[in-house]
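One-letter residues, chain by chain:
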Amino acid sequence: MSSRYAKKLHDLELKGRFRELVPVEQYGAGIVKYKGRKLLNLSSNDYLGLGQDSELLQRFYQELDRVESGVSGFSAASSRLLTGDSLLSHHLEDEIANAYKSESVLLFNSGYHANIGILPTLFAKGDLILSDKLNHASIHDGLQLSRADHKRFRHGDYEQLYDLLKKHRKNYDQVVIVSESVFSMDGDEADLARLIELKHEFDVKLYLDEAHGVGVYGQNGLGKAEEKAVLQDIDFLVGTFGKALASIGAFVCCSKEIHDYLVNHSRSFIFTTGLPPVTVNWNRFVFQHMLSMNRERLHLQQLSTQLRHAFTEKGIATRGTTNIVPVLIGDDSLALAQAKKLQERGGYLVLPVRPPTVPEGTARFRLSICANMQWKDLQELPLQIAAMASGAKSEK
Ligand SMILES: Cc1ncc(COP(=O)(O)O)c(C=O)c1O
């Protein structure tokens, strides 16, 4: 008799939801080798193309050559609260705080560590967390770890959020609204102005995850809160290094009091080895570089808008406003089969995103447009997807 794991894996296969690891080789400027084919990578979060900029990498390594080994090592060798702390990390925190005009900044090892480490530490029994239903899994896991009550409001439904605040605010000591700024699967944005109105009206805190906003939006690439000139209204702003900053790690902009509280209580900060010095160095380098990449940010927006328009013209359902462009397919197996076709015949690395990552019946391609792409690289895509869609219709 097969084990329960084998049975569950088999069920996933039957539903077209089995996931597997496939090694990807980088070939520079958006091109990867995937299952033996060279393809344009439309599934990468390296939105500014910084991770594939070989000149930039060379400059970084040249700078590293000039510094002593203590700042280019591959391990912090212990938690930051033991001997894994370095001046480098403090410099990076100061530089981020300076850019965001934030009283304080604390680094985490990843966005996942940040979201599962901050929410349960700051919000406890007697508090309420109100979270957008489409928030990332790391936020959801942070809610589960917290002893605070939590409720999830329908995606972007601020009327429901208003009703929840009106009904429940008085019953709780602290209430926090948690939202992403750019939603990673729909490519749409939170209405920050409305969230801030609600924050003030009900005297609650606002926690904003800018994982997909940092590098891409705002005059200095600080994210949507910078673009909308509301940085000072965000109580906890989480940014990550794993996407447009082409690295690993995360940070939270907060008050000095919250910084100190997290250092003393946040388990995912305390009980893990600090980021490697070489990574912290790269994060400093790349953060400074990103601040002035306005030309790339503009190009990225133009390219994404052009692609969205081309999809709409071809009658292909899409959503959102950002450089994350979803193409809605619906059925899991169809999404899987069409993604495979685009890889095998189209020259595009498009991966299907299926439940539970997205709601049931909304399997999709999540296309990440990056600043090192050109329109000529993308223009065939709407035609190919439209041809597959009409083929699928005529087969019905
Ligand atoms: C909105 C959001 N927050 C947090 C994370 C996790 O960040 P990291 O990859 O640095 O763990 C992600 C990653 O996909 C994300 O999309």
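Cut-offs used in this document
- Residues numbered from 1 in each chain as written.
- Predicted model: local features only at pLDDT ≥ 70, side-chain atom pairs only at ≥ 80, totals over all residues.
- Near = placed C-beta within 6 Å.
- Helix = DSSP H or I, 4+ residues; strand = E, 2+ residues; numbered from the N terminus.
- Nonpolar A, V, L, I, M, F, W, Y, C, P; charged D, E, K, R; others polar.
- Axes fitted to C-alpha atoms, helices over the stretch in contact; angles between N-to-C directions.
- Parallel < 35°, antiparallel > 145°, perpendicular 65-115°, else oblique.
- Contact = placed C-beta atoms within 7 Å.
- Buried ≥ 20, exposed ≤ 12 C-beta atoms within 10 Å, placed from the backbone.
- Pairing = 2+ DSSP bridges.
- Left-handed = near helix turned anticlockwise from the far one by under 90°.

Trainee: Mind showing me how you'd approach the site of the ligand here?
Mentor: Near the ligand you find 13 residues, and of these Ser110, Gly111, Tyr112, His136 and Ala211 are the closest. At 3 residues, helix H4 (residues 111–122) tops the list of elements feeding residues into the shell around the ligand. Partitioning the shell around the ligand into residue classes produces 3 nonpolar, 8 polar and 2 charged.

Trainee: Just to check I follow, could you spell out the packing of helix H6 (residues 158–168) against helix H7 (residues 192–202) for this structure?
Mentor: Helix-helix packing is described using two parameters, namely the angle between the two axes and the distance between the axes. For the pair H6 and H7, interaxial distance at closest approach is 11 Å and the crossing angle is 10°. The pairing of H6 with H7 is recorded here as roughly parallel in orientation. Across the interface between the two elements, Tyr158, Leu161, Tyr162 and Leu165 of H6 pack against Arg194, Leu198 and Phe202 of H7. Within the contact of H6 with H7, the residues separate by chemical class into 6 nonpolar, no polar and 1 charged.

Trainee: How do you make sense of the environment of Pro277 when you look at a structure like this?
Mentor: With respect to the element layout, Pro277 can be found in helix H11 (residues 277–291). A tally of 23 C-beta atoms within 10 Å means that Pro277 is categorised as buried. Along the chain, Pro277 and Phe365 lie 88 residues apart, while their C-alpha atoms are 36 Å from each other.

Trainee: Teacher, can you tell me more about the sheet that holds strand S2 (residues 31–34) here?
Mentor: Whenever strands of a sheet pair, they do so through backbone hydrogen bonds, lying parallel or antiparallel. Ordered in space as S1-S2-S3-S12, the 4 strands form an open sheet in which the pairing is mixed. If you trace the sheet from one side to the other, it starts and ends with strand S1 (24–26) and strand S12 (348–349), each paired once. Direction of pairing for S1 relative to S2: antiparallel, over a ladder of 3 bridges. Paired with Val24 across the two strands is Tyr34, which belongs to S2.

Trainee: Can you walk me through the packing of helix H3 (residues 87–100) against H11 in this structure?
Mentor: Contact geometry for H3 and H11: axes closest at 9 Å, N-to-C directions at 20°. Taken together, the axes of H3 and H11 lie roughly parallel to each other. As H3 runs across H11, the sense of the crossing is left-handed. Residues Leu88, Ser89, His91, Leu92, Glu95, Ile96 and Ala99 of H3 form the contact with H11, whose participating residues are Pro277, Val280, Asn281, Asn283, Arg284, Phe287 and Leu291.

Trainee: Just to check I follow, could you spell out the pairing of strand S11 (residues 324–330) for this structure?
Mentor: Consecutive side chains of a regular strand alternate in pointing toward one face of the sheet and then the other. The buried fraction of S11 amounts to 5 of the 7 residues, a majority that puts the element mostly inside the structure. Summarising the sheet, S11 and strand S14 (residues 363–368) pair through 6 bridges and their orientation is antiparallel. The partner of Pro326 across the bridge, within S14, is Arg366.

Trainee: Sorry if this is basic, but what is going on with the sheet that holds strand S10 (residues 250–254) here?
Mentor: In spatial order, the strands read S4-S10-S9-S8-S7-S5-S6; together these 7 strands make up an open sheet with mixed pairing. Whereas interior strands pair on both sides, the edge strands pair on one side only; in this sheet they are strand S4 (104–108) and strand S6 (149–153). Neighbour-to-neighbour, the strand axes of the sheet open up by a mean angle of 20°, direction not taken into account. Looking at chain direction, S4 and S10 are connected through 5 bridges and run antiparallel. By the bridge assignment for S10, Leu106 is matched with Val252. Here helix H5 (residues 137–145) sits on the sheet and contacts strand S5 (128–132), S6, strand S7 (175–180) and strand S8 (205–209); the angle it forms with S5, its principal contact strand, is near 160°.

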